[in-house]
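# Structural description and commentary
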Amino acid sequence: MCKTRSVTCMHCQECSHPYCSACLKLKPDCYWDIDFCCPPCVVAGLITLQPRDPTSGSPYLLQLAFSAMRSASKRLALSTWKGYICCVQKVITFTEVHGVVCFPVLNGSIAKGYQFFFQHLQAQGLAWGTMRTFRSAFKSFHAALGIEDPWVKYPTLYALTVGLQKQISLPPRPKVGLTIIILKAILRYIKVEEPSLRQQNRHGTADVLLRDAVSLIIDFFAMR
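Right, let's walk through the structure included here.

## Notes on the overall build of the protein
Helix and strand content of the protein: nine helices and two strands. The 224 residues of the protein split such that 26% are buried. Relative to all contacts within the protein whose residues are 6 or more apart in sequence, the contacts with residues 24 or more apart total 51%. Accessible surface for the protein amounts to roughly 15400 Å². Of this, 61% is attributable to carbon and sulfur atoms.

## Some points on unusual backbone geometry
In this structure, the amide linkage connecting Phe 103 to the following residue, Pro 104, adopts the cis form with an omega of -10°. Residue placement: Pro 104 occurs in the loop between helix H3 (78–98) and helix H4 (108–123).

## Focus on the nonpolar core
Tyr 114, Phe 117 and Phe 134 are the most contacted members of the largest nonpolar core, which has 25 residues in total. Among the secondary structure elements, those contributing two or more residues to this core are H3, H4, helix H5 (128–144) and helix H7 (155–168). Apart from the residues lying within four places of it in its own chain, the contact partners of Phe 134 are Cys 87, Lys 90, Tyr 114, Phe 117, Leu 121 and Leu 126.

## Considerations on the environment of Leu 106
Tracing the backbone shows Leu 106 in the loop between H3 and H4. Separated by 47 residues in sequence, Leu 106 and Lys 153 have C-alpha atoms that sit 9.9 Å apart. Discounting chain neighbours no more than four positions away, the residues touching Leu 106 are Ile 147, Lys 153 and Tyr 154.

## Examining the packing of aromatic side chains
With the rule as written, the count across this model stands at ten aromatic pairs. Each ring, one from Tyr 114 and one from Phe 138, has its centre 4.2 Å from the other, and the planes form 35°; the classification is tilted. Of this pair, Tyr 114 sits in helix H4 while Phe 138 sits in helix H5; the two residues are 24 residues apart in sequence, bridging distant segments of the chain. A relative accessible area of 0% means that Tyr 114 is categorised as buried. Residue Phe 138 is classed as buried on the basis of its relative accessible area, which comes to 0%. Site record: aromatic cluster; members linked through ring pairs are Phe 94, Phe 103, Tyr 114, Phe 117, Phe 118, Phe 134, Phe 138, Phe 141 and Trp 151.

## Quick look at the pattern of salt bridges
The full count for this structure, using the stated rule, is four salt bridges. We note a salt bridge from Arg 135 to Asp 149, for which the minimum N-O separation is 3.1 Å. Highlighted residues: Arg 135 in helix H5 and Asp 149 in the loop between H5 and helix H6 (150–153), separated in sequence by 14 residues. Where Arg 211 meets Asp 212, a salt bridge forms, and the shortest distance between an N and an O atom there is 3.6 Å.

## Topic: the packing of H4 against H5
Following both chains from N to C, one finds H4 and H5 inclined at 150°, their axes separated by 11 Å at the closest point. Classified by the angle their axes make, H4 and H5 are roughly antiparallel. Viewed along their axes, H4 and H5 form a crossing whose handedness is right-handed. Here H4 contributes Tyr 114, Phe 117, Phe 118, Leu 121 and Gln 122 to the contact with H5, which in turn contributes Met 131, Phe 134, Arg 135 and Phe 138. When the residues that make up the contact of H4 with H5 are grouped by side-chain class, the tally is seven nonpolar, one polar and one charged.

## Observations regarding the side chain of Glu 194
Note that Glu 194 resides in helix H8 (residues 180–199). Those residues in contact with Glu 194 that lie beyond four places of it in its chain are Ala 206 and Leu 209.

## A few points about H8
Between its first and last C-alpha atoms H8 spans 29 Å; for 20 residues at 1.5 Å apiece the expected length is 28 Å, and the two agree. The set of residues buried in H8 consists of Leu 183, Ile 190, Glu 194 and Leu 197. Phi turns positive one or two residues past the end of H8, at Asn 201, with a value near 60°.

Conventions and cut-offs
Residues numbered from 1 in each chain as written. Predicted model: local features only at pLDDT ≥ 70, side-chain atom pairs only at ≥ 80, totals over all residues. Heavy atoms only, no water. Helix = DSSP H or I, 4+ residues; strand = E, 2+ residues; numbered from the N terminus. Buried < 20%, exposed > 50% of the residue type's maximum accessible area, 1.4 Å probe, protein only. Contact = heavy atoms within 4.5 Å. Areas by Shrake-Rupley, 256 points an atom, 1.4 Å probe, with all protein chains shown as cover. Core = buried A, V, L, I, M, F, W, Y, C linked by side-chain atoms within 4.5 Å. Phe/Tyr/Trp six-rings, centres within 6.5 Å; stacked < 30°, edge-to-face > 60°. Salt bridge = Lys/Arg side-chain N within 4 Å of Asp/Glu carboxyl O. Axes fitted to C-alpha atoms, helices over the stretch in contact; angles between N-to-C directions. Parallel < 35°, antiparallel > 145°, perpendicular 65-115°, else oblique. Left-handed = near helix turned anticlockwise from the far one by under 90°. Nonpolar A, V, L, I, M, F, W, Y, C, P; charged D, E, K, R; others polar. Expected span 1.5 Å × (residues − 1).

Following this line, the structure appears as structure tokens:
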């Protein structure tokens, strides 16, 4: 239980005791579950084999409960959740303007409404990466609410996103990288030309070749 009782404390749904991120040893940018339940209450509510001594294993189970809460709080950064909230706000704005309910997806009719919202995003010229962020936001919020992923429950949504990906995504262009064969060929050229330039008293050009050789070597191993 938190001793400071700051304004950032979250009250347990079972015992009503306040907890903050500091007393739970969580990072400041962690997120709280709406149905927050403190680790002692989580351990007390576990289904165990009967009969057993109520005190047996409790300290270790309590330690595991705190560890599980810290692990769960690191799933998504606060900045990611803020971006997801912006996505949901745009969905709500779409609902207010056009009167089409599309969040959360609880049935087939709402799933069809979200299809219209996705087409609305496409009509606005949004990139596929931005639409994929909307899809990730919907998936994360439905998981937090305990609702099945709409893209799994309603295959039409999955088919819609696949179609949009084919329409607006461009094929990747091949990029020529600096391979070890190219690097060796360049170094062989510099090894021959650099002494020749110095014999011609062209020390400035020779210094440039030497500098380029060192730079290529550093860049190549930095990429690897």
